[in-house]
Structure formats: structure tokens, C-alpha cells
Amino acid sequence: MHLLRNGRGEVVNSALSLAPRDTNEAFGLAERAVKSGLFSALKKPEEALVILLMGSELGLGPMQSLRSIYVVNGKPVLSADLLVALVRRSGECESWRVVESTDTRCEIHTTRKGEKQAEVCVWTIERAKKAGITGKATWNSYPAQMLKARCAASNSVKFSSPT
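Residues numbered from 1 in each chain as written. Predicted model: local features only at pLDDT ≥ 70, side-chain atom pairs only at ≥ 80, totals over all residues. Heavy atoms only, no water.

### Observations regarding the side chain of Ser 156
Part 1 of the argument: Among the secondary structure elements, Ser 156 is positioned in helix α7 (residues 143-160).
Part 2 of the argument: Engagement of the side chain of Ser 156 in a polar contact is seen with the backbone oxygen of Ala 152, the distance being 2.8 Å.
Part 3 of the argument: Those residues in contact with Ser 156, other than ones at most four positions away along the chain, are Leu 83, Val 84, Val 87 and Trp 96. (Helix = DSSP H or I, 4+ residues; strand = E, 2+ residues; numbered from the N terminus. Polar contact = N/O pair within 3.5 Å; in protein donor to acceptor, adjacent residues only side chain to side chain. Contact = heavy atoms within 4.5 Å.)

Right, dumping it as C-alpha cells:
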């Protein structure tokens with residue numbers, strides 16, 4: 001294993017920040033992650049391996065990858081928190097501001113460096129219901145967090161698109 005580098009190519013200063021050097025080491029790590037039971041959503045080492053590889057391509061360490069990339073309907077998906085972190089570390093994000101976050105509405109403003117106008121994203125519970133995404137228990141238990149995640153993901157996608 002070799003030292004892990006952050007998104008700017010700098011070596012992360014921690015003796016435990018080790019990343020696999022090749023796919024064999026990555027698969028061994030994936031097997032151990034699944035066997036640990038700490039990532040209960042992962043059922044097969046192959047799923048964990050894809051997450052580790054995807055995270056590596058984004059400049060993430062193994063643990064951050066396993067915590068922030070999920071398999072949804074058979075596809076790896078970045079968590080909303082990870083999307084926001086990637087946008088903020090891109091160097092292109094001047095500001096990221098949550099204007100409102102309630103059980104019924106979330107509004108986030110994001111400004112790209114060099115631009116005067118913020119990108120605005122609003123998700124409401126009505127919009128989520130219309131989209132048919134509120135049927136799971138998580139939406140009933142944590143509507144504010146789910147709206148914020150949906151809004152953050154939408155704004156991240158808009159932000160990462162060419163201007």
C-alpha cells in the first residue's frame with residue numbers, strides 16, 4: 001500500500017491513511033470491509049471494490065469512499081454530502097449557502113468563482129411527492145434532511161455542468 005494523496009495531490013499526513021496500490025490489494029480491502037459488517041449495505045466484495053475504485057478516481061481514501069458512495073438500484077451513487085464536498089474542494093465554488101432548511105422546503109444558493117449570480121435550487125415536499133420519492137420511511141422520519149440532500153445533489157449537478 002502507498003500513502004494517500006488528497007484532491008490536490010498532496011500526501012495526507014497520517015500513518016493510517018493508506019490506499020491500495022493495485023486491484024489485488026483493493027479487492028483484499030473490499031473483502032475485509034464486507035466481512036467487518038460495518039458496511040451492512042454491501043453484500044459482496046465486488047460491490048465494495050467498485051466503490052473503492054470509484055472513490056479512488058475522485059481522489060478519495062478507502063474509508064471515505066465506503067462511507068460516502070452507495071449502491072442504489074445496482075449503480076454506485078455519490079452521497080449528497082460527498083457531492084457538496086467535491087464541489088467545495090473544486091476551487092471553483094465561491095460560496096455554498098443553505099438559505100432555508102425545514103420539513104417542507106429547502107433552498108440552497110451556490111456561486112461559482114467569477115460569477116455574480118448565484119445558482120439557486122429549491123426542493124419542496126410537494127415537489128418530492130410529485131416526483132414520487134417520498135414513499136420510504138426515511139422521508140417520513142427525516143423530511144428536512146431528505147429535502148436538503150435532494151437540493152444539494154441537484155445544485156451539485158448544476159454547479160459541475162459547464163457554464
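### Here we look at the packing of helix α1 (residues 23-36) against helix α2 (residues 45-57)
Part 1 of the argument: At a minimum axis separation of 8 Å, α1 and α2 run at an interaxial angle of 125°. The orientation of α1 with respect to α2, classified from their angle, is oblique. In this structure, α1 meets α2 at a crossing whose hand is right-handed. Between α1 and α2, the residues in contact are Thr 23, Ala 26, Phe 27, Leu 29, Ala 30, Glu 31 and Val 34 and Pro 45, Glu 46, Ala 48, Leu 49, Leu 52 and Leu 53, respectively. (Axes fitted to C-alpha atoms, helices over the stretch in contact; angles between N-to-C directions. Parallel < 35°, antiparallel > 145°, perpendicular 65-115°, else oblique. Left-handed = near helix turned anticlockwise from the far one by under 90°.)

### Details of α7
Part 1 of the argument: Its 18 residues give α7 an end-to-end C-alpha distance of 26 Å, which sits within 8% of 26 Å, the value for a rise of 1.5 Å per residue.
Part 2 of the argument: Among all positions in α7, only Pro 143, Ala 144, Leu 147, Cys 151, Ala 152, Ser 154, Asn 155, Ser 156 and Phe 159 are buried.
Part 3 of the argument: Buried residues along α7 sit in contact with α4 (80-89), β5 (93-101), β6 (105-112), β7 (119-124), α5 (125-130) and α6 (137-141). (Expected span 1.5 Å × (residues − 1). Buried < 20%, exposed > 50% of the residue type's maximum accessible area, 1.4 Å probe, protein only.)

### Quick word on the layout of surface pockets
Part 1 of the argument: When its volume is computed, the largest pocket comes out at roughly 950 Å³.
Part 2 of the argument: Looking at the largest pocket, it is lined by 31 residues, and the ones nearest its centre are Ser 79, Ala 80, Met 146, Ala 149 and Arg 150.
Part 3 of the argument: Going through the elements one at a time, α3 (62-68), β3 (69-72), β4 (75-78), α4, β5, α6 and α7 are the ones with two or more residues in the lining of the largest pocket.
Part 4 of the argument: Taken together, the residues of the lining of the largest pocket sort by class into 17 nonpolar, eight polar and six charged. (1 Å grid on protein atoms, 1.4 Å probe; cavity = no way out; pocket = protein on both sides within 12 Å on 5 of 7 lines; lining within 4 Å. Points joined across faces, edges and corners; volume = space filled by probe spheres on them. Nonpolar A, V, L, I, M, F, W, Y, C, P; charged D, E, K, R; others polar.)

### Here's the deal with the pattern of salt bridges
Part 1 of the argument: Here the structure, examined in full by the defined rule, presents three salt bridges.
Part 2 of the argument: The partner of Glu 115 in a salt bridge is Arg 112, and the shortest N-O contact between them spans 3.7 Å. (Salt bridge = Lys/Arg side-chain N within 4 Å of Asp/Glu carboxyl O.)

### Quick look at the confidence of the model for the protein
Part 1 of the argument: Taken as a whole, the protein shows an average pLDDT of 87; of its residues, 87% reach a score of 70 or greater.
Part 2 of the argument: Per-element confidence in the protein is highest for α5, whose mean pLDDT is 96, and lowest for strand β1 (residues 2-3), whose mean pLDDT is 50. (pLDDT = per-residue confidence, 0-100.)

### Quick look at unusual backbone geometry
Part 1 of the argument: Phi at Asn 73 is positive, roughly 50°, even though this residue is not glycine.
Part 2 of the argument: Relative to the helices and strands, Asn 73 resides in the loop between β3 and β4.

### Notes on α2
Part 1 of the argument: Over its 13 residues, α2 extends 18 Å from the first C-alpha to the last, a length consistent with the 18 Å expected when each residue adds 1.5 Å.
Part 2 of the argument: The positive-phi residue at the C-terminal boundary of α2 is Gly 59, with phi of around 85°.

### A look at the pairing of β7
Part 1 of the argument: In the sheet, β6 pairs with β7 via six bridges, with the strands oriented antiparallel. Within β7, the residue paired with Arg 105 across the bridge is Thr 124.
Part 2 of the argument: Where β6 folds back on β7, the antiparallel hairpin that results is connected by six residues, among which Gly 114 adopts a positive phi of roughly 85°. (Pairing = 2+ DSSP bridges.)

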